[in-house]
Amino acid sequence: MSLALAHKRRVLAQGPSPTVASAKAEVYSSATALASPANGQKHLKLMEDALAVDLERISAIGSHELRRQLKREELLPKYQEYVQRYRDSGLNFPNSVLMYVLIWLFDTADFDKALELADFAISQGQALPERFNRDIPTFVADEVIDWAEAECKAKRSPEPYLSNLLPRVDGEWTLYERIPARYHKQLGILAMDRRDWSVAIKHLERAEDLYDAIGVGTKLAGARKALAKQEAQAVTDATKPPTE
């Protein structure tokens, strides 16, 4: 047997080298689309091409409600499967598809999924598309308080999202002071509706401390007056002699 033939048989018996095997494993296909950073980038490009077409579809619709309907019924189901696969892959690179899914979840008020995805995006250091000109915490805080104020005007409760997000808005995240002030103002108004005057005063005072132009002076004075009246009545009731 020639030396060349003997070497060939040894190579065949040993199987492909680790380098060759790795190269084969990373060949791009639907099954390996997120198996490596290189494949992940290739797959992202394909997804971004599809996204560009869908963004054009959205921009061609004049009705905000019809835009939300398209996002909710067609586009979110279309892209959420990719986003979940990206998350499961353990990869981390700038991902505009993930960010538009995040934006659409807030647009459609799917807050449970939106807030959970926002935490993931923050943990990865993702950034919103340039036209939004905000970081993720500011975007999230703005979206939730805009929605909450609209819900209150429509006589619907924005809870639990308003209260649940408050520790992050006024504590964990660094935001322009007017944003947490809006949260406290709205929570103060909700407490006034419940006639929970002490809670209302706490939130309204915090709103004014954060941003003195927030416009809660009249409400704060009313809450303080109502609390004083309530406390005076409690004293009167406690000292009133029992009736026979």
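These numbers come from a predicted model, not from an experiment. (Residues numbered from 1 in each chain as written. Predicted model: local features only at pLDDT ≥ 70, side-chain atom pairs only at ≥ 80, totals over all residues. Heavy atoms only, no water.)

## Considering the nonpolar core
Residues Y82, W104, V140 and Y183 are the most contacted members of the largest nonpolar core, which totals 51 residues. Per-element tally for this core: the top contributor is helix α5 (residues 96-107), with 10 residues. Discounting residues that sit within four places of it in the chain, Y183 has contacts with V140, A141, V144, I145, L162, L165, L166 and V169. The next biggest cluster of nonpolar side chains, apart from the first, holds 14 residues, and it includes L204, A207, L220 and A223. (Core = buried A, V, L, I, M, F, W, Y, C linked by side-chain atoms within 4.5 Å. Buried < 20%, exposed > 50% of the residue type's maximum accessible area, 1.4 Å probe, protein only. Helix = DSSP H or I, 4+ residues; strand = E, 2+ residues; numbered from the N terminus. Contact = heavy atoms within 4.5 Å.)

## Remarks on the environment of L75
Its location among the elements puts L75 in helix α4 (residues 64-89). Note on L75: relative accessible area 0%, which makes it buried. The spatial distance from the C-alpha of L75 to the C-alpha of L51 is 9.1 Å, given a sequence separation of 24 residues. When near neighbours in sequence (up to four residues on either side) are disregarded, L75 contacts D54, R57, I58, L70 and W104.

## Brief notes about the pattern of salt bridges
Inspection of every chain in the model, using the stated rule, returns 18 salt bridges. A salt bridge links D54 to R57; the shortest N-O distance between them is 3.0 Å. Linking D54 with R57, this pair stays in helix α3 (residues 37-59), spanning three residues, or about one helical turn. On the basis of relative accessibility, which here comes to 2%, the residue D54 falls in the buried class. Between K71 and D107 there is a salt bridge, with the nearest N and O atoms lying 2.7 Å from each other. In this pair, K71 sits in helix α4 while D107 sits in helix α5, placing the two residues 36 residues apart along the sequence. Judged by relative accessible area, which is 26%, D107 ranks as partly exposed. Through salt bridges that share partners, D54, R57, E74 and K78 make up one connected network. (Salt bridge = Lys/Arg side-chain N within 4 Å of Asp/Glu carboxyl O.)

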